[in-house]
Amino acid sequence: MTLRLDDAARPATDHATDAPCPAMRHFDFATLPAPDRYRLLTAAVLPRPIAWAVTRSAEGRVNAAPYSFFNVFGSDRPVVCLGVLARPDRPKDTAVNIRATREFVINLVPFALAEAMNLTCVEAPPEVDETRLAGLATLPSVAVRPPRIAASPVAFECRLIHEFESGPGQWLFVGEVLHAHVATRVLTGNPERPRIDHEALDLVARMHGPSAYLRTRDVFDLVRPVWADTAPQPTETHCKERQA
């Protein structure tokens, strides 16, 4: 691994706090082996939400696997992105199935299903249905062929709208959310415009290393600033008329 002190980021002063800035180390990703790049990225970008992706092959076989390279990226159109990394010996079933059928279901993972989710991480042969392996009941979707996991509190039925091979065998999938299924026990507020209770949702997220997870319970609030109250005020100046 190549390390060097970044000259541009040597200790300086943070003018917002008057505290010294921390020393930084520079990592040239062009010179790092892929495992080291993966380790740095996944140890720095966290917590990461988990997409428990259920797909169906062209032959009809169901596959389930969790992915933490995932997030929502828009609401009009409603889209989610799912990153599927390469595997040395053969493509991952999730990527093969999405490319073949252009459909997938994203299920969110509560703490109560963490062990079942972890079981579906296993690199099973393509003919194995991981939902059955983990003892998970499924329900039919409304608009896509892959089923959803019955015990998941939130599921998004998605149709592929863009695919991008960002590296050899490494895929980024953009899916439009067609339908959402939300457990009534996690809904709160006005029934006409309900909100989701994050505490009732009790989701888990990925952290650093191969086995670290986070339970999303530590929450704090920050009020979003308004520019009219935040913008610097102009300094008043007084000019005297020039004497003739």
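Please refer to the structure placed before this passage.
Since this is a predicted model, take the numbers as computed values, not measurements.

**Quick word on the overall build of the protein chain**
Scanning the protein chain from terminus to terminus reveals six helices and 18 strands. Taking all 244 residues of the protein chain together, the buried fraction comes to 34%. Of the contacts made within the protein chain by residues no fewer than 6 positions apart, 57% connect residues no fewer than 24 positions apart. For the protein chain, the accessible area works out to roughly 16,100 Å², and carbon and sulfur atoms hold 55% of it.

**Here we look at the sheet that holds strand β17 (residues 204–206)**
Spatially, β5-β17-β18 is the arrangement adopted by the three strands of the open sheet, whose pairing is antiparallel. If you trace the sheet from one side to the other, it starts and ends with β5 (48–49) and β18 (213–215), each paired once. Note that β5 and β17 share two bridges and pair antiparallel. Paired with P49 across the strands is A205, a residue of β17.

**Looking at the packing of aromatic side chains**
Applying the stated criterion across every chain, the model contains two aromatic pairs. A centroid spacing of 6.4 Å and a plane angle of 45 degrees characterise the contact between Y38 and F69, whose relative ring orientation is tilted. Separated by 31 residues along the polypeptide, Y38 in helix α1 (residues 34–44) and F69 in the loop between β7 (62–67) and β8 (70–75) bring together distant segments of the chain. When its relative accessible area of 41% is taken as the criterion, Y38 is described as partly exposed. Here F69 falls in the partly exposed class, since its relative accessible area comes to 31%. A centroid spacing of 6.1 Å and a plane angle of 5 degrees characterise the contact between W171 and F173, whose relative ring orientation is stacked.

**Let's talk about the pairing of strand β13 (residues 154–167)**
As defined by bridge partners, strand β10 (residues 103–107) adjoins β13 across five bridges and the pair is classed as antiparallel. Its bridge partner being in β13, I106 is matched across the sheet by F156.

**Considerations on the nonpolar core**
With 22 residues, the main nonpolar core has F70, L82, I106 and F173 as its most contacted residues. Aside from chain neighbours lying at most four places away, what touches I106 is A51, W52, A53, F70, L82, V154, A155, F156 and C158. Counting residues in each nonpolar core, the second largest holds 16 residues, with V109, L113, M117 and L136 among its members.

**Observations regarding unusual backbone geometry**
The peptide bond linking L46 to P47 adopts the cis configuration, its omega dihedral lying at -5 degrees. Here P47 is to be found in the loop between α1 and β5. Along the chain, D76 connects to R77 via a cis peptide bond; the corresponding omega equals 5 degrees. Note on placement: R77 falls in the loop between β8 and β9 (78–84). Phi at R102 takes a positive value of approximately 65 degrees, unusual for a residue other than glycine. Mapped onto the elements, R102 comes out in the loop between α2 (93–101) and β10. Look at R102 and you get partly exposed, because its relative accessible area is 37%.

**Some words on the sheet that holds β10**
Reading across the sheet, the seven strands line up as β7-β6-β10-β13-β14-β9-β8 and stay open at both edges, with antiparallel pairing between neighbours. Each having just a single partner strand, β7 and β8 make up the two edges of the open sheet. Geometrically, the sheet is characterised by an average inter-axis angle of 30 degrees between neighbouring strands, direction not taken into account. When strand β6 (residues 51–56) meets β7, the two strands line up antiparallel, connected through six bridges. Residue pairing across strands places A51 opposite Y67, the latter belonging to β7.

**Some words on the pattern of salt bridges**
Think of it this way: side chains of opposite charge can pair up when their charged atoms draw near. Counted under the stated rule, the structure contains eleven salt bridges. R87 serves as the salt-bridge partner of E123, at 3.9 Å between the closest nitrogen and oxygen. One end of the pair, E123, is in the loop between α3 (114–119) and α4 (130–133); the other, R87, is in the loop between β9 and α2, and 36 residues separate them in sequence. For E163, the salt bridge identified is with R99, shortest N-O distance 3.0 Å.

Rules used throughout
Residues numbered from 1 in each chain as written. Predicted model: local features only at pLDDT ≥ 70, side-chain atom pairs only at ≥ 80, totals over all residues. Heavy atoms only, no water. Helix = DSSP H or I, 4+ residues; strand = E, 2+ residues; numbered from the N terminus. Buried < 20%, exposed > 50% of the residue type's maximum accessible area, 1.4 Å probe, protein only. Contact = heavy atoms within 4.5 Å. Areas by Shrake-Rupley, 256 points an atom, 1.4 Å probe, with all protein chains shown as cover. Pairing = 2+ DSSP bridges. Phe/Tyr/Trp six-rings, centres within 6.5 Å; stacked < 30°, edge-to-face > 60°. Core = buried A, V, L, I, M, F, W, Y, C linked by side-chain atoms within 4.5 Å. Axes fitted to C-alpha atoms, helices over the stretch in contact; angles between N-to-C directions. Salt bridge = Lys/Arg side-chain N within 4 Å of Asp/Glu carboxyl O.

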